[in-house]
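Fold and geometry: a report
This is what each chain is made of:
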Amino acid sequence: MSFLKNDFKDNILTYQEIKQLSFLSKDEISYIETNFNLERIAATKFYLKLAESGEKSHLRKQFVPSREELKILEYEKTDPLCEKIFSKSDRIIHRYHDRLLFIATNSCALYCRHCFRRYLDKTIIKDADKTDIKILTDYLKANKCIREVLVSGGDPLVLDNDFIEYLCKSIRDVSKDIVVRIGTRVPVVLPSRINNNLVNILSKYRPLYIFTQFNHSDEITEINSESVNLITKSGIPVFNQTVLLRGINNSEKQLKELFYKLVSISVKPHYFFQGDLAAGTSHFRTNLMQGLEIMEKLKTEMSALSLPLLAVDLPEAGGKIILDRNSIIKRENGFFHLKNSDGKIFKYPDEN
Ligand SMILES: *Cc1c(COP(=O)(O)O)cnc(C)c1O
Ligand code: SF4
């Protein structure tokens with residue numbers, strides 16, 4: 001209903017449109033159509049083009065389903081972070097004391113194959129509306145401990161400007177101090193969406209931060225840099241969260257290039273996530289030690305500004321932790337025993 005209209009929507013390709021562009025092989029079409037939810041396959045013209053130019057299988061893999069997704073391991077879950085336990089409404093997840101997550105939509109401009117929010121499409125079908133925002137603002141008024149609202153999804157920036165403005169204004173009307181943090185891949189996959197109209201709206205409701213997800217240095221082109229530039233020029237800081245993805249960015253060289261490139265466009269690398277235990281994503285995950293070892297190496301060479309925090313979401317509702325050697329209590333029988341922020345121990349698989 002409030003999904004992006006007109007020109008932007010034309011830039012988002014459905015599965016059928018991707019297929020018509022002869023982007024997929026016969027073999028891909030056959031296993032995709034027998035096994036996958038075609039509604040959760042989409043890409044943008046911009047990203048498709050980027051993935052087509054040169055040897056860019058690392059970009060292609062981020063939105064073209066792989067046969068490997070059909071392999072689901074016993075410890076992989078549809079809700080790996082156990083967000084349901086902390087749900088205060090369909091859309092509010094209050095997991096940590098001073099901040100909550102608001103799910104504004106379940107749509108994205110491009111569906112990342114590594115995404116852990118896959119279970120969303122069954123539980124939440126519609127985009128948020130004014131009633132949902134009323135529930136959110138009532139919750140904020142009743143829970144003064146909340147200092148930060150993470151607006152996520154899905155990708156909130158696929159919603160139209162009027163709705164985005166209504167959402168930001170409603171939060172701002174509750175308190176002038178509440179931080180609005182928007183998680184979005186739009187600057188990466190649909191940079192034309194970041195225009196003056198949108199930026200003018202967002203910059204009215206600071207403190208507001210944009211958290212984007214660049215996963216590979218090839219995703220940072222002149223066009224993306226320009227879209228980020230529009231945001232930062234308006235006084236909105238941009239942070240990045242990279243997901244560690246096997247076969248895409250799991251090398252010291254690539255990550256170094258990515259983090260340097262991010263700071264060069266005024267984006268602070270903030271998080272670097274170990275892959276979640278989401279169903280059918282094991283081919284993207286690396287062993288927990290790989291991220292740790294890469295970060296240890298990069299720490300000897302790079303400034304703190306250029307380095308993100310290595311984080312992992314623990315299974316069984318253990319929450320997010322910053323991973324370092326001290327988080328690992330022991331390693332035995334195929335599992336790491338990791339300590340969360342409450343000092344409790346959670347098991348995380350010790351994968352190939
Ligand atoms: C990650 C996350 C947050 C934000 O926590 P930070 O430590 O600030 O990154 C808030 N709520 C939920 C449910 C989260 O998963
Ligand atoms: S844009 Fe975000 S929510 Fe959407 S598929 Fe990618 S990681 Fe998941």
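Here the residue index of a chain counts from 1 through its sequence in written order. Both sets of labels track the order of writing: A upward for chains, 1 upward for ligands. Per-residue local features are limited, in this predicted model, to residues with pLDDT of at least 70; the limit for side-chain atom pairs, both in listing and counting, is 80 or more; totals at the level of whole chains, interfaces and linings are taken over all residues. With hydrogens and water stripped out, all remaining heavy atoms of the structure feed into the side-chain values.

Some thoughts on the site of ligand 2
Heads up, the rule is: Whether a residue is near a molecule or strand is decided by its heavy atoms; if any one of them lies within 4 Å of it, the residue is near. All residues other than Ala, Val, Leu, Ile, Met, Phe, Trp, Tyr, Cys, Pro, Asp, Glu, Lys and Arg, Gly among them, are scored as polar; the first ten of these are nonpolar and the last four charged.
Neighbouring ligand 2 are the residues Cys108, Leu110, Tyr111, Cys112, Cys115, Gly154, Arg185 and Gln213. Here the shell around ligand 2 is composed, by residue class, of 5 nonpolar, 2 polar and 1 charged.

Observations concerning unusual backbone geometry
Our working rule: A run of H or I in DSSP counts as a helix once it spans at least four residues, and a run of E counts as a strand once it spans at least two, with each numbered from the N terminus.
For the peptide bond that leads from Gly153 to Gly154, omega is 15°, which places it in the cis range. In this model, Arg206 is joined to Pro207 through a cis peptide bond whose omega is 5°. Position of Pro207 relative to the elements: it lies in the loop between helix H10 (196–203) and strand S7 (208–212). Within the chain, Ser266 stands out as a residue other than glycine whose phi angle is a positive 65°. Looking at the element boundaries, Ser266 is found in the loop between helix H12 (252–264) and strand S9 (267–273).

Re the sheet that holds strand S13 (residues 335–339)
Which entries qualify depends on this criterion: Here, a strand pair is defined by DSSP locating no fewer than two bridges between the strands. Each axis is a line fitted through C-alpha atoms, and for a helix only the stretch in contact is used; angles between axes span 0 to 180 degrees, taken between their N-to-C directions.
With antiparallel pairing, the 3 strands of this open sheet are ordered in space as S12-S13-S14. A strand with exactly one partner marks an edge of an open sheet, and here the two such strands are strand S12 (328–332) and strand S14 (345–349). Ignoring strand direction, the axes of neighbouring strands in this sheet form an average angle of 25°.

Brief notes about empty space enclosed by the protein
The following threshold applies: Here a cavity means grid points, on a 1 Å grid over the protein atoms only, where a 1.4 Å probe fits yet cannot get out; a pocket means an open set of points with protein on both sides within 12 Å along at least five of seven lines; lining residues are those with an atom within 4 Å of a point. Grid points are joined across faces, edges and corners, and a volume is the space filled by probe spheres set on the points.
If you walk through the whole model with that rule in mind, you get 1 cavity of 30 Å³ or more. For the largest cavity, the calculated volume is near 40 Å³. For the largest cavity, the full set of lining residues is Val151, Pro156, Leu157, Ile164, Leu167, Cys168, Val180 and Ile182. Elements represented by at least two residues in the lining of the largest cavity include exactly helix H8 (161–174) and strand S6 (179–183). Ranked by the residues each element gives to the lining of the largest cavity, the list is headed by H8, at 3 residues.

Quick look at the site of ligand 1
Basically, it comes down to this: Polar contact criterion, stated in full: a pair of N or O atoms within 3.5 Å, where within protein one must be able to donate a hydrogen and the other to accept it, and residues adjacent in sequence count only if both atoms are side-chain atoms. Throughout, the Shrake-Rupley method with a 1.4 Å probe supplies accessible areas, and for residues the shown protein chains are the sole cover considered.
All residues adjacent to ligand 1 are Ile93, Arg95, Tyr96, Arg99, Leu150, Arg181, Tyr271 and Lys320. The contact in question runs from an oxygen atom of ligand 1 to an N or O atom on the side chain of Arg99, over 2.9 Å. A distance of 2.7 Å is found between an oxygen atom of ligand 1 and a side-chain nitrogen or oxygen belonging to Tyr271. When ligand 1 is considered free in solution it has 380 Å² of accessible area, and contact with the protein chains removes 86% of it. Among the elements that line the shell around ligand 1, the one with the most residues is strand S3 (residues 92–96), at 3 residues. Of the residues contributing to the shell around ligand 1, the split by class is 4 nonpolar, no polar and 4 charged.

Overview of H8
Where we set the bar: To estimate how far a helix should reach, multiply one less than its number of residues by 1.5 Å. Partly exposed describes any residue whose relative accessible area lies between the buried limit of under 20% and the exposed limit of over 50%, with all areas from a 1.4 Å probe on protein chains only and scaled to the type maximum.
Relative to the 20 Å expected for 14 residues at 1.5 Å per residue, H8 spans 20 Å between its end C-alpha atoms, a close match to the ideal helical length. Looking at H8, one finds that the buried residues are Asn161, Phe163, Ile164, Leu167, Cys168, Ser170, Ile171, Arg172 and Val174.

Things to note about the pairing of strand S11 (residues 319–322)
Across 4 bridges, the pairing between strand S10 (residues 309–314) and S11 is antiparallel. Residue pairing in the sheet places Leu314 in a bridge with Gly319 of S11. Hairpin remark: S10 followed by S11, antiparallel, with 4 residues in the connecting loop; positive phi at Glu316, about 55°.

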